[in-house]
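# Observations on the three-dimensional arrangement
Take a look at the letters that make up each chain.
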Amino acid sequence: MKTLTLLDGTAFPAFGLGTWLSAPDAVYRAVRVAIERGYRHIDAAWIYLNEEEVGRGIGEAIAAGDVTREDLWVTTKLWNDCHAPEHVQPALERSLKLLGLDYVDLYLMHWPVALQHKVVRPKTAEQYLSLDECPLPPTWEAMAKLTESGLTKQVGVSNFSASKIAQIVDAVGVTPAVNQIELHPYLQQDALLAAMKARGIVATAYAPLGSGGRPAGMKREDETSLLDDPTIAGIAARHGKSAAQVLIAWALARGTAVIPKSTNADRIAANLAATELELSPGDMQAIAGLDEGARYVDGGFWCTTGSPYTVDSLWA
Ligand code: A2P
């Protein structure tokens, strides 16, 4: 299994299983099957509301002797209502309890967005906290302290722009190991990747297949499907592979980690098999030409009436 090297020299498995939008009963089986097939990296989050079942899959795989805990890489994420420094460690402890683990390998600040404590999804303007009211650096400082407690081996961020990364690193003096961001041929984010590389931050690509399973309310009407893209389809046909496999191989060839989500056993296996696919320089060049700067997950859900966040400020 290909690994990427984190700032402190730790080997980070470049391919993993995404679990956003995986229904609880399905995700238990998905995690169990994935580990059996050879996955060693599972990506979770408190807000996916399925950590308990993800943990059940991991626990059963370990109990069955398929793997040891040390063989696995488990990531989970801090929810936005727990950005106050005093809520950070309890939030990780809650996730660990649900996952049934003593530690995670990586804990990420899920969004550069803060909510009032115990607000899961904001419905009124008052339920948001602006970044002036709840700035990112104190949250990041509390995250960084978690590595001393042993509850997580690494800390990182998600959905962070280059300037927000600079802000927390300058203020706290600790560099995130990973920034998990949306990355696929329609949103290649070369400038952000270059800024991260200059600091030694590894990228994990989310929505690598275009996240087609998102609820209708999160989709644009004019949205084009990556899996139906003619350039990707042409490359896939030439290699005798699927479009999804080309997208996964492309993410790995760029030096990013990638976490395609599936709860289907055949697609779980096919996605892992994509780690063996090598694209040619011509394939990479053709895919480079597909960039549209188009997000599938544009964060518009943080910008409801009265919110202190706008889509522009989110990604700035
Ligand atoms: P399913 O779970 O039924 O397999 P992303 O990782 O970009 O968020 O995309 C996840 C979506 O892509 C899910 O709807 C998932 O459905 C689907 N998917 C996962 N693997 C494949 C594949 N190999 N081919 C086609 N669709 C896939």
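Residues numbered from 1 in each chain as written. Predicted model: local features only at pLDDT ≥ 70, side-chain atom pairs only at ≥ 80, totals over all residues. Heavy atoms only, no water.

### Things to note about the site of the ligand
Around the ligand, the surrounding shell holds 15 residues, and the nearest of these are Leu209, Ser211, Ser262, Arg267 and Asn271. Here Gly210 contributes a backbone N or O atom positioned 3.2 Å from an oxygen atom of the ligand. Take Ser262: an N or O atom from its side chain is 2.5 Å from an oxygen atom of the ligand. When the free accessible area of the ligand is taken as 570 Å², the share hidden by the protein chains comes to 81%. Split into classes, the residues belonging to the shell around the ligand amount to six nonpolar, seven polar and two charged. (Near = heavy atom within 4 Å. Polar contact = N/O pair within 3.5 Å; in protein donor to acceptor, adjacent residues only side chain to side chain. Areas by Shrake-Rupley, 256 points an atom, 1.4 Å probe, with all protein chains shown as cover. Nonpolar A, V, L, I, M, F, W, Y, C, P; charged D, E, K, R; others polar.)

### Looking at the pattern of salt bridges
Taken as a whole, this structure holds ten salt bridges when the rule is applied. Among the salt bridges present, the one from Arg69 reaches Asp105, with a minimum N-O distance of 2.9 Å. Separated by 36 residues along the polypeptide, Arg69 in the loop between α2 (51-63) and β5 (73-78) and Asp105 in strand β6 (residues 104-109) bring together distant segments of the chain. Overall, Arg69 belongs to the buried group, its relative accessible area being 10%. On the basis of relative accessibility, which here comes to 7%, the residue Asp105 falls in the buried class. Two residues, Arg220 and Asp222, come together in a salt bridge whose shortest N-O distance is 3.0 Å. Counted as one network, the salt bridges with shared partners bring together Arg32, Glu36, Arg56, Glu60 and Asp66. (Salt bridge = Lys/Arg side-chain N within 4 Å of Asp/Glu carboxyl O. Helix = DSSP H or I, 4+ residues; strand = E, 2+ residues; numbered from the N terminus. Buried < 20%, exposed > 50% of the residue type's maximum accessible area, 1.4 Å probe, protein only.)

### What about the pairing of strand β10 (residues 178-182)?
With respect to burial, β10 is a largely interior element, five of its five residues being buried. Here β10 shows no split at all, with Val178, Gln180 and Glu182 on one side and Asn179 and Ile181 on the other all buried. Pairing analysis gives two bridges linking strand β9 (residues 152-158) to β10, with the strands arranged parallel. For Val157, the partnering residue across the bridge sits in β10 and is Asn179. (Pairing = 2+ DSSP bridges.)

### A word on the packing of α2 against helix α3 (residues 85-99)
For any two helices packed against each other, one specifies the inter-axial angle together with the distance between the axes. Taken N-terminus to C-terminus, the directions of α2 and α3 make an angle of 50°; their axes are 7 Å apart at the nearest point. In this view, α2 runs oblique relative to α3, as classed from their interaxial angle. Judged by residue contacts, Glu51, Glu52, Val54 and Gly55 of α2 engage Ser95, Leu98 and Leu99 from α3. The residue inventory of the contact of α2 with α3, partitioned by class, reads three nonpolar, two polar and two charged. (Axes fitted to C-alpha atoms, helices over the stretch in contact; angles between N-to-C directions. Parallel < 35°, antiparallel > 145°, perpendicular 65-115°, else oblique. Contact = heavy atoms within 4.5 Å.)

### Considering the packing of aromatic side chains
This model, assessed by the stated rule, comprises eight aromatic pairs. Here the aromatic rings of Trp111 and Trp302 are separated by 5.8 Å at their centres, their planes lie at 70°, and the arrangement is edge-to-face. Taken as a pair, Trp111 in the loop between β6 and β7 (114-115) and Trp302 in the loop between α10 (281-288) and α11 (311-315) lie far apart in primary sequence, 191 residues in all. Taking the relative accessible area as the measure of exposure, Trp111 reaches 5% and is therefore buried. Here a set of aromatic residues connected by ring pairs shows up, and it is made of Trp79, Trp111, Phe301, Trp302 and Trp315. Positioned over the ring face of Tyr103 is Lys153, at 4.4 Å from the centre of the ring. The cationic tip of Arg295 hangs over the ring face of Trp315; the distance from NZ or CZ to the ring centre is 3.7 Å. (Phe/Tyr/Trp six-rings, centres within 6.5 Å; stacked < 30°, edge-to-face > 60°. Lys NZ or Arg CZ within 6 Å of the ring centre and 35° of its normal.)

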